[in-house]
Amino acid sequence: MSKTLRTAAMVVGAVALVVGTAGIGAAPALAATSTTVGVAGAGSIAATSVVVNSAAVAATGAGLLGVSAATLTAVASGLSLAAAVTASKPSPSIGGSQTRFKADPLAGIPYAMGRTLVAGNIVYHEAHGKDNQFNSFGVVLSGAGPVESLDSFLVEGEAVSFSAGAAVGGYAGWMWQVTQHGHAPAATALAVPAAVGSAAPGWTAAHKLSGMAAALWTLKFDRKQKIYAAGTPRPGWVGHWVRVYDPRLDSTWPGGSGSCRALDEATYVWSENPYLHALTWLLGRWQNGVRLLGVGAPPAMIDVAAFVEGANVADANGWTLGGVVYSTDAKWNVLKLMLQAGGGEPLRQGARISCLVNTPRVSLATVTADDIVGDTAVPACAPRRSRINGVVPVYRSEAHGWELVPAAPVRVAAYVAEDGEQRTREIAYPLVQNVDQAAELALYDIVNAREFGPVELRLKPRWLGYRPGDCVTVAAAELGLNGQPLLIVARTLDPGGIVTMTARSETAAKHGFALGLTGTPPPTPGVTGDTLNTVPAPAAGAWTVAGSVLAAGGVAVPVLAVTGTVDNANAEAVLFEYKVDGAADWIAAGSEPPATVRKDIASVTAGTPYLVAVSYRVRGVVGARRVLGPAVTGAYAGIEGPPGADGLPTYSWIAWADSADGSSGFTTEAPGDRSYIGIAANQATPVESSNPADYVWARIQGPAGVPGVDGTDGINGDDGIFREFVWRRAAAQPAAPAGDGIPAGWSDDPPAGSEPLWMSVARQQLDGTLIGGWSVPIRHDGPKGDTGTAGVPGPPGADGQPTWIWIAYANDAAGATGFTTGAAAGRTHIGIAPNRSTPVESSDPADYSWAKIEGPTGPAGATGATGPAGATGAPGATGATGATGATGATGPAGATGPAGPAGPMGPAAPAQTIPLPSHGSYGPIAVGVPPGGSSFAEVQFNGYLSGAATVTYTLDYRLNGGAWTTYDSAAEAGDAGNPTGFASSGTVANPSGSAPALIEWRMTITRTGSAAVTSYGGSYFRA
């Protein structure tokens, strides 16, 4: 068993070396110029534009280290699902900052993985010693200890060494540090080195931080500010962090060899493999029986085999993981981050947690129309908004201080040309620390975004044996799936026994392209039509389009007028679509009968260029589009008014009142605080009518506002002095008052009467003693002016030209603030411009005469009685007719006829042989060529059986695509009470000698007998 694993590691390692050499960028250094990717050694991609060109690498696939591009494609892997099928991309950790040294009580426990830098989370900080000259920091670096190693300590990015806890070099005498790896329990607590001469206050022997990788860091205050000129320096600890469980090193796991055991953290090993970290995160990190980190799922609830498969693929591609997450992060998001670094995603497989890894897969079966028993859903292709052709990958760069930085955009030139534009998305890969790995994952994101799905198939019960991650072929021309490989992503069983498969398209050629092994990107997949049912586009000239207007009742609206005749005798309907010239998506305009000769599309904008598409539907199949245009739509036109009277001017009357019919408080003078306005337009005389019925009334003042809160008290006045105001009515200006208090002939409130009102003021002491004299009386109301003479009649208007009144609203007397020609909406001023020659209101406040229509808010009055309901307004104009809806679903099938009489019973059936799918089979697999001789490939298969059935298995192989050869075949009888294991393995020499060869293995399993097989294991292949 171990020999098999070692051989697999040797061959996969050779492949990984080639991938790293010939992939999208061999050098991690930053370049300053554009790079074309594809040729081996093409250059760096860290900070330059990466353009994948079809021709650049077409000839480089063969001969790299003696392994062909086709062979290398066999170990390619990538992101698991297109965005239309799976959940969204993971989000970066929100628990804390990996590179910022700070105290964050909300950050949770840091969890450091791989080899990376950790700034640490401060959990203790105290000053101590004489004059508080020392500062000590207790720093937690990572939970889930013990970690593998603490490699180096950086201060402001520069390495600092320590001897016996004291810094060596420039920080000698100024800095001390002691660290722990996080054993549980810790033997002792960290302590400030004795050479400091001052212990950290409050840090006792009980502060062990068991299970935590941690540091106690002490700084001496620099009075001259030469050592720490910018304050506390920025620290960072670089290490090999948490250890993980590896089933491949577990001899209790089928195919494994070693002492590593699940949930026994003392046996864990250090690794950068993303799938091993994801598996360990699912198992959880435990201390003294308490889960501190991770999910804590029981091993039985985890599809361990899928994570082992992903670990092998990640090793083959040289994909690693490094970075920090926190115990406060969402656990599912952390799992997605880990798997993203290995080109995978988590997958819910019933009650078990699994993962999906993209590798070239052998189709296990073919679905035909006879297998489909219900409705299906098949999108024609991936949505346009999802089909990106470029990605800006963001990754963590050691060269940039371990910060997250964007790499150069990765684009596929062929897809940009196909899409007609660049569609680039920034995607973060927070746990990826290698620029080439980030670029490869970005290419996988691009090609996977173009896979179409979800495809939903409802199938017969026999398809229940296929699970998410399996690949099947669908041969159903009526669905547009003509031999289309599909990757199953979900599977459910309905109560009626119908198996619902959810899948997405699977393109084998994308793997070699994503890893830079071929320069030809695969075509964007989509459904393919049955050639017998292909409906051609309308002939050129069969239809035309022109911009026009529809006029009725004096109103004209813009339309697209499509005219022509249907030139396909079998057409059931003609379909019309339209879009603004240059827009991406078509808009349905309706389906019309084949006798249609004109289609007016009215839901368009005036004066705008449009394209129109016409297509036919024949026997339910919609044909190709004939695109017409562009055509520019016409303009709107309003209703022409009736001719005006020849040579007669018209006038507008304006009145004001306190009721909706003008009967209360009617006036044509100043409005005061009246709440209604009446307007009578186009009158023959300038003298306003005094009859309220001649006016159209509208409310201009809302209900009284809620009384405001009391204002702030004013400042205190001068002690003992106030101002006395006195009032008097007289026909002429009286002499100034004389004397203290209220002078004779005057009153302290305005008296009643009709004579003019006069006011005087003087300063007095509290006892009324006059200070100074009274002011000259001033009048407070003016005399009513005489009615003005009629204005000069205006010149005769042009014959037949109507006039209009413009009304606007604003919040000041000039119309400058809050100007609108719409609803008043609480504005305080009205602007009126009568006798205008156009109905379109001006947007210039200077064109209006302004008046205030809202006085200051008065005190709250009593609630008035509910007024009568207003008259119903005139009905609005009828809207445009909407587009015809899509054809409805086909009605239910008719009832099944009565069953015929039962035939005679035949003889008893013999035992059946029922095939079971072989999950996870591999191929083709490269057979390497070691120096001095041929090589060989090994395979190992393991399964489990319980029940009384008999299992027969056959192990076949073939070389270089030749005939299948049986290597091993045997039968195994199950035991009804105990599981029975069975296994088969083989070794095949390379018949090609020193040339590379391809080997494929397959396992066929059948069962005989009536008892069910209740448990079935997986298959494991190594090369």
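Please refer to the structure placed before this passage.
Structure report, in brief. (Residues numbered from 1 in each chain as written. Predicted model: local features only at pLDDT ≥ 70, side-chain atom pairs only at ≥ 80, totals over all residues. Heavy atoms only, no water.)

**Description of the overall build of the protein**
Test applied: In this text, helices come from DSSP runs of H or I with a minimum length of four residues, and strands from runs of E with a minimum of two, each type numbered from the N-terminal end. Working definition: with a 1.4 Å probe on protein chains only, accessible area under 20% of the residue-type maximum means buried, over 50% means exposed, and in between means partly exposed. Here a residue-residue contact requires only that any non-hydrogen atoms of the pair lie within 4.5 Å. Every accessible area reported is derived by Shrake-Rupley at a probe size of 1.4 Å, with residue values counting cover from the shown protein chains alone.
When helices and strands are counted, the protein shows 8 helices and 55 strands. In the protein, buried positions account for 42% of the 1023 residues. Looking at the protein alone, contacts between residues at least 24 apart form 67% of all its contacts between residues at least 6 apart. Carbon and sulfur atoms make up 55% of the accessible area of the protein, which amounts to about 49,400 Å² in all.

**Some remarks on the sheet that holds strand β45 (residues 804-810)**
Basically, it comes down to this: For two strands to count as paired, DSSP must find a minimum of two bridges between them. Orientation is described by lines fitted to C-alpha atoms, with helices fitted over the stretch in contact, and by angles between N-to-C directions that extend from 0 to 180 degrees.
Ordered in space as β45-β46-β47, the 3 strands form an open sheet in which the pairing is antiparallel. Pairing within the sheet leaves two strands with one partner each, and these edge strands are β45 and β47 (849-852). Neighbour-to-neighbour, the strand axes of this sheet turn through a mean angle of 25°, independent of strand direction. Where strand β46 (residues 829-836) meets β47, 4 bridges bridge the pair, whose relative direction is antiparallel. Paired with Ile 830 across the two strands is Ala 851, which belongs to β47.

**A word on helix α4 (residues 304-317)**
For clarity, the cut-off: Working rule for helices: expected span equals 1.5 Å times residues minus one.
Between its first and last C-alpha, α4 extends 20 Å over 14 residues, near the 20 Å set by a 1.5 Å rise per residue. The buried fraction of α4 is high, at 12 of 14 residues. All of the buried residues in α4 are Val 304, Ala 306, Phe 307, Val 308, Glu 309, Gly 310, Ala 311, Asn 312, Val 313, Ala 314, Ala 316 and Asn 317. Of the residues one or two after α4, Gly 318 is the one with positive phi, at around 70°.

**Observations regarding the sheet that holds strand β30 (residues 543-552)**
Think of a sheet as strands paired side by side through backbone hydrogen bonds, with each pair either parallel or antiparallel. Pairing within the open sheet is antiparallel, and its 3 strands lie in the order β30-β31-β34. At either end of the open sheet lies a strand with only one pairing partner, and these are β30 and β34 (598-601). Ignoring which end each strand starts from, the neighbouring axes of this sheet average 30° apart. Two strands pair when backbone bridges link them, and strand β31 (residues 555-564) and β34 are joined in this way by 4 bridges, in the antiparallel orientation. Among the inter-strand pairings, Leu 560 is bridged to a residue of β34, identified as Ile 601.

**Observations regarding the nonpolar core**
Rules: Here, nonpolar core refers to any group of buried Ala, Val, Leu, Ile, Met, Phe, Trp, Tyr and Cys residues whose side-chain atoms link them within 4.5 Å.
Grouped together as the largest cluster of nonpolar side chains are 64 residues, with contacts concentrated most on Tyr 111, Met 113, Tyr 275, Trp 281, Ile 302, Phe 307 and Met 338. Among the elements that take part in this core, helix α7 (residues 435-449) stands out by supplying 10 residues, more than any other. Listed in part, the 24 residues of the second largest apolar core include Ala 119, Phe 137, Leu 141 and Leu 219.

**Thoughts on the packing of helix α3 (residues 274-283) against α4**
In plain terms, the rule: For this classification, under 35 degrees means roughly parallel, over 145 means roughly antiparallel, 65 to 115 means roughly perpendicular, and everything else is oblique. Gly counts as polar in this scheme, as do all residues outside two lists: the nonpolar Ala, Val, Leu, Ile, Met, Phe, Trp, Tyr, Cys and Pro, and the charged Asp, Glu, Lys and Arg.
The interhelical angle for the contact between α3 and α4, taken along N-to-C directions, is 155°, at an axis separation of 7 Å. By the criterion of interaxial angle, the relationship of α3 to α4 is roughly antiparallel. Only Val 304, Phe 307, Gly 310, Ala 311 and Ala 314 of α4 make contact with α3, whose side of the interface consists of Pro 274, Tyr 275, Leu 276, Ala 278, Leu 279 and Leu 282. Tallied by class, residues from the contact of α3 with α4 come to 10 nonpolar, 1 polar and no charged.

**Considering the environment of Asp 371**
For the record, the criterion: Counting of polar contacts relies on pairs of N or O atoms within 3.5 Å, with two restrictions inside protein: one atom must be capable of donating a hydrogen and the other of accepting it, and residues adjacent in sequence are counted only when both atoms are side-chain atoms.
Note on placement: Asp 371 falls in the loop between β21 (366-368) and β22 (390-397). Distance in space between the C-alpha atoms of Asp 371 and Lys 460 is 5.8 Å, their sequence separation being 89 residues. If we ignore the near neighbours within four places in the chain, the residues touching Asp 371 are Thr 366, Arg 458, Leu 459, Lys 460, Arg 462 and Trp 463. Side chain to side chain, Asp 371 and Arg 462 meet in a polar contact 3.3 Å long.

**Remarks on the packing of aromatic side chains**
The criterion, for reference: Between the rings of Phe, Tyr and Trp (Trp by its six-membered ring), a pair exists once the centres lie within 6.5 Å; its type follows the angle of the planes, with under 30 degrees stacked, over 60 edge-to-face, and the other angles tilted.
All chains considered together, the criterion is met by 24 aromatic pairs. Centroid distance Phe 134 to Trp 176: 5.9 Å. Interplanar angle 70°. Geometry classified as edge-to-face. Of this pair, Phe 134 sits in strand β6 (residues 134-142) while Trp 176 is found in strand β11 (residues 175-180), placing the two residues 42 residues apart along the sequence. Judged by centre distance (6.2 Å) and plane angle (50°), the ring pair of Trp 653 and Tyr 695 falls under tilted. Remark: Tyr 695 occurs in the loop between β39 (676-683) and β40 (696-699) and Trp 653 occurs in strand β38 (residues 651-657); sequence separation between them is 42 residues. Like Tyr 695, Trp 653 is buried. Here the aromatic residues Phe 101, Phe 137, Phe 153, Phe 162, Trp 217 and Trp 237 are joined through ring pairs into a cluster of three or more.

**Digging into the environment of Pro 299**
Position of Pro 299 among the secondary structure elements: in the loop between β17 (290-293) and α4. Relative accessible area serves as the criterion here: at 38%, Pro 299 is assigned to the partly exposed category. In this structure the C-alpha to C-alpha distance between Pro 299 and Arg 352, which are 53 residues apart in sequence, comes to 9.4 Å. Aside from chain neighbours lying at most four places away, what touches Pro 299 is Leu 263, Leu 283 and Val 304.

**Focus: the pattern of salt bridges**
Using the following cut-off: Any carboxyl oxygen of Asp or Glu within 4 Å of a side-chain nitrogen of Lys or Arg constitutes a salt bridge here.
What the rule picks out here adds up to 24 salt bridges. Put simply, Arg 361 and Glu 309 hold a salt bridge, and the shortest N to O gap is 4.0 Å. Within this pair, whereas Arg 361 is found in the loop between β20 (352-357) and β21, its partner Glu 309 is found in helix α4, the two being separated by 52 residues in sequence. Residue class for Arg 361 comes out partly exposed when judged on its relative accessible area of 23%. One salt-bridge network, held together by shared partners, links Arg 384, Glu 418, Asp 419, Glu 421, Arg 423 and Arg 450.

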